[in-house]
Amino acid sequence: MSSKDQEFAVDSDGLHRAVELMSRDFSRAKRLDLPTELPLCGMGSTAALNALAPSILGGAARLGEATSFAHMDPPTPWVTWAMTLWNASLNQNLLHPATSPVARQMEERVVAWLAPFFGMNGGHMTPGSTVANLTALWAARECAGVTEVVASAGAHLSIAKAAHLLGLKYLSLPIDANGSMDAARLPTDLRKSALVLTAGATSTGAIDPLDLAGRAAWTHVDAAWAGPLRMSKYAHLLAGIESANSVAVSAHKWLFQPKESALVLFKDTEKAHAAVSFGGAYLATPNVGVLGSHGAAATALLATLLAWGREGVAQRIEHCMDLAHRLGDFVAADERLELYAEPQTGIVVWHPKDENLFDHALRKLPAGSTSTTSLAGVKWYRNVAANPSADIDLLIATIRGVLP
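Residue indices follow the written sequence of each chain, beginning from 1 at its first position. In keeping with the model being predicted, local features are shown solely for residues with a pLDDT of at least 70 and side-chain atom pairs are shown and tallied solely at 80 or more, while totals for entire chains, interfaces and linings include all residues. Water and hydrogen atoms play no part in the side-chain values, which are based on all heavy atoms of the structure.

Peer 1: I'm lost on the overall build of the protein in this one. Help?
Peer 2: The secondary structure content of the protein amounts to 10 helices and 13 strands. Against the compact-globule benchmark of 22 Å for 404 residues, the protein has a radius of gyration of 23 Å, which places it among compact chains. Dimensions of the protein, computed from C-alpha atoms along their principal axes, come out at roughly 75 × 60 × 45 Å. Across the 404 residues that make up the protein, the buried fraction comes to 47%. When checking whether two residues touch, look at their non-hydrogen atoms; a contact exists if any pair is within 4.5 Å. For the protein, contacts bridging at least 24 residues in sequence account for 70% of all contacts bridging at least 6. For the protein, the distance from the average position of its 32 positive side-chain charges to the average position of its 37 negative side-chain charges is 1 Å. Strands here mean DSSP runs of E at least two residues long; helices mean DSSP runs of H or I at least four residues long; both are numbered from the N terminus. For a compact globule the rule gives 2.2 Å times the number of residues to the power 0.38, and the radius of gyration it is set against comes from C-alpha atoms. The rule is simple: take the accessible area with a 1.4 Å probe, protein chains only, and divide by the maximum for that residue type; under 20% is buried, over 50% is exposed, in between is partly exposed. We score Asp and Glu as negative and Lys and Arg as positive, and we do not count His or the chain ends. Charge positions come from single atoms, namely NZ of Lys, CZ of Arg, CG of Asp or CD of Glu.

Structure representation (structure tokens):
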């Protein structure tokens, strides 16, 4: 009778060691020197933890630090770390009910909780909004017979990518001074078009005119960034989204989830899912969407929503919006600086009026505080309010200090 391989059993000492290493400061650790070829003999799991901790824990970007204010990638709550650990230990596969009996129910419940905020009646989870957008436009092609995708120049690159993969023509419309779709340039005949409206453009945070939803054969709203505002006091900023046929939301942005976690939601889920489903001899139920085998991302999201409730989610998003407004107000009031546009969804785009100071000032700003973007050939700084723990006073003080 063979004994159980203990590498697949719970090792309390090893797991406690992993948590203990998470609390250490490895910021000054040297880069890990890995062998160039796969070792013949392993060092053991605990030794591997000890060897990798300085590099993984010390070399990663610290998204929850006071200076982190540059990207759409947030820190994650500790309850999601626990859920991720449980997920890895169980390795559920949502392709088949037999390999994910509880995880599938959790995804269904999370979707049922969130879809009504957008006027949708269901959907499913995806690894990110790139797949969510592809899935939505796939459904548009099958359900509405679209042959063309129409989006603004501020749309995420995944929209053009999806059109290419689906064999659809792609029309990019100009944006206005705020970074939103110029509605005046919209074609009059959209009977064969999927109109993609962006709610929270990647560079600027701009929202396209959502009152355009319903004008085309299919309207999809890419709300990857700004979608969770619907759960907050800023819900009115996305008024009109409920008239869309589909919506994409990235949970690993303003719902503070670990990657990879997003949702594609539909107005008529039964019809959309039927259009993007395939069966197989080995499947008990049809496979819905782009993915085959995929994991239980919904467990971490469900745990967060249970832990925080709607009020807890809204509180953190609203705090992030307040941080962005404070930075935007500072920039607008400083005669040395230029604000691209009034921040709409927690993204502040600005630069020194003296373009010769751009690179010098950027080097002086705190690491992780500021990214850059280019709009109409002009370079801008970009700050993104994804981190509720950001110290906006520190960033403002630094900006004051680096500019003459």
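Peer 1: I would appreciate a short explanation of the pairing of strand S11 (residues 347–352) in the present structure.
Peer 2: Put simply, side chains in a regular strand alternate between the two faces of the sheet. Of all six residues in S11, six are buried; the element is thus mostly enclosed. Residues Ile347, Val349 and His351 of S11 are buried on one face, and the alternating residues Val348, Trp350 and Pro352, pointing to the opposite face, are buried as well.

Peer 1: What is the right way to read the sheet that holds strand S12 (residues 371–375) from this model?
Peer 2: Two pairing modes exist for strands in a sheet, parallel and antiparallel, and in both the strands are linked by backbone hydrogen bonds. By this definition, two strands are paired if DSSP reports at least two bridges between them. Read from one edge of the open sheet, four strands run S10-S11-S13-S12, paired in antiparallel fashion. In this open sheet, the two edge strands, each paired with only one partner strand, are strand S10 (337–339) and S12. With strand direction ignored, the average angle separating the axes of adjacent strands in the sheet is 40 degrees. The pairing of S10 with S11 spans three bridges and is classified as antiparallel. Each axis is a line fitted through C-alpha atoms, and for a helix only the stretch in contact is used; angles between axes span 0 to 180 degrees, taken between their N-to-C directions.

Peer 1: What's the story with a negative patch on the surface in this structure? I'm lost.
Peer 2: Each patch is assembled from residues with relative accessible area greater than 30% and no salt bridge, linking like charges that lie within 9 Å and nonpolar side chains (Val, Leu, Ile, Met, Phe, Trp, Tyr) that lie within 5 Å. Each accessible area is a Shrake-Rupley result for a 1.4 Å probe, and residues are judged covered by the shown protein chains and nothing else. Whenever Lys or Arg places a side-chain nitrogen within 4 Å of a carboxyl oxygen from Asp or Glu, that contact is recorded as a salt bridge. A surface patch of like charges, here negative, comprises Asp5, Glu7, Asp11 and Asp13. By the element assignment, Asp5 lies in the segment before helix H1 (12–22). Judged by relative accessible area, Asp5 falls into the partly exposed class, the value being 44%.

Peer 1: So what exactly am I meant to see when it comes to the packing of helix H3 (residues 78–90) against helix H8 (residues 298–333) here?
Peer 2: Helix-helix packing is described using two parameters, namely the angle between the two axes and the distance between the axes. Put simply, H3 and H8 touch, their axes get as near as 9 Å, and they point 150 degrees apart. Classified by the angle their axes make, H3 and H8 are roughly antiparallel. For the pair H3 and H8, the sense of crossing is right-handed. Along the contact surface, H3 presents Val79, Thr80, Met83 and Asn87, while H8 presents Thr299, Ala300, Ala303 and Thr304. Residues are sorted three ways: Asp, Glu, Lys and Arg are charged, Ala, Val, Leu, Ile, Met, Phe, Trp, Tyr, Cys and Pro are nonpolar, and all the rest, Gly among them, are polar. Taken together, the residues of the contact of H3 with H8 break down into four nonpolar, four polar and no charged. Here is the rule for angles: anything less than 35 degrees is roughly parallel, anything more than 145 is roughly antiparallel, 65 through 115 is roughly perpendicular, and the remaining ranges are oblique. Each crossing is labelled by how the near helix is turned from the far one, with a counterclockwise turn of less than a right angle marking it left-handed and a clockwise turn marking it right-handed.

Peer 1: Would you take a moment to explain the packing of aromatic side chains for this structure?
Peer 2: Here the distance between the centres and the angle between the planes together describe a pair of aromatic rings. Two aromatic rings from Phe, Tyr or Trp, using only the six-membered ring of Trp, form a pair when their centres are within 6.5 Å; if the ring planes differ by under 30 degrees the pair is stacked, by over 60 it is edge-to-face, and anything between is tilted. Inspection of the entire model under this criterion finds six aromatic pairs. Centroid distance Trp350 to Tyr381: 4.7 Å. Interplanar angle 75 degrees. Geometry classified as edge-to-face. Here Tyr381 lies in strand S13 (residues 378–384) and Trp350 lies in strand S11, a separation of 31 residues in the sequence. Across the pair, Tyr381 and Trp350 agree in class, each one buried. Here a set of aromatic residues connected by ring pairs shows up, and it is made of Trp350, Phe358 and Tyr381. Think of it as a cone above the ring: NZ of Lys or CZ of Arg counts as a charge over the ring if it is within 6 Å of the ring centre and within 35 degrees of the ring normal. Of note, Arg316 hangs over the ring of Trp308, and the distance from its end group to the ring centre comes to 3.9 Å.

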